[in-house]
Amino acid sequence: MSPSMLTVGLDPALVDDSASSRAAFPEIDAELVRAGVAAERARLEELGFTVDVCLLDYGRTAEAVYRAALSGKDYDIVVIGAGVRLDPVLTPLFEILVDTTRELAPGAKLCFNVSPSTTAEAVQRWWPERKPLDRTIQP
């Protein structure tokens, strides 16, 4: 059976509309996010993963949407995107996502990308059966 993973992040349509996202990631726009998510999903599926994507708003319905996604399936891996983690305004949402993951998917590995195009790399750090990576920290 294929390992299952859920990638969670901001709906790309919102990236261009938020002053905090533009400030935190001035080089990223909605189209780059969409392209990165699609490319990484395809790459992970080629590696044998079953990939679901959960897109969130800035908080109004985010927790309910995330809870529904996690409740619908047992995931081996959850990737929380950089757009949520690295925007200081979204720290409370990041905390909700981590705590909800611990509650509803306690056995899932948590992975963190640094951009939409580094999701497979993040997963491979914690799912070495797919491709061994050097886990040493490089300065």
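Residues numbered from 1 in each chain as written. Predicted model: local features only at pLDDT ≥ 70, side-chain atom pairs only at ≥ 80, totals over all residues. Heavy atoms only, no water.

(A) Spotlight on the environment of Ile77. Along the chain, Ile77 falls in strand E3 (residues 77-80). You can call Ile77 buried: its relative accessible area is 1%. Separated by 50 residues in sequence, Ile77 and Trp127 place their C-alpha atoms 8.4 Å apart. Those residues in contact with Ile77, other than ones at most four positions away along the chain, are Ser4, Met5, Leu6, Phe49, Ala108, Lys109, Cys111, Val123 and Trp127. (Helix = DSSP H or I, 4+ residues; strand = E, 2+ residues; numbered from the N terminus. Buried < 20%, exposed > 50% of the residue type's maximum accessible area, 1.4 Å probe, protein only. Contact = heavy atoms within 4.5 Å.)

(B) Fine view of the nonpolar core. Residues Val8, Tyr66, Val78 and Leu97 are the most contacted members of the largest nonpolar core, which totals 19 residues. By residue number, the principal contributor to this core is helix H4 (residues 62-71), which donates four residues. Once residues lying within four places of it in the same chain are set aside, the contact partners of Tyr66 are Leu6, Val8, Cys54, Leu56, Val78, Leu97, Thr100 and Thr101. Ranked by size, the runner-up nonpolar core spans 11 residues in total, among them Met5, Ile77, Ala120 and Val123. (Core = buried A, V, L, I, M, F, W, Y, C linked by side-chain atoms within 4.5 Å.)

(C) Inspection of the packing of H4 against helix H6 (residues 91-104) at higher detail. Relative orientation of the contacting elements H4 and H6 amounts to 25°, with a least axis distance of 10 Å. In this view, H4 runs roughly parallel relative to H6, as classed from their interaxial angle. The handedness of the crossing between H4 and H6 is right-handed. Between H4, through Ala62, Glu63, Tyr66, Arg67, Leu70 and Ser71, and H6, the contact on the second element is made entirely by Leu93, Ile96, Leu97, Thr100, Thr101, Glu103 and Leu104. Tallied by class, residues from the contact of H4 with H6 come to seven nonpolar, three polar and three charged. (Axes fitted to C-alpha atoms, helices over the stretch in contact; angles between N-to-C directions. Parallel < 35°, antiparallel > 145°, perpendicular 65-115°, else oblique. Left-handed = near helix turned anticlockwise from the far one by under 90°. Nonpolar A, V, L, I, M, F, W, Y, C, P; charged D, E, K, R; others polar.)

The analysis is restricted to geometry; functional conclusions fall outside its scope.
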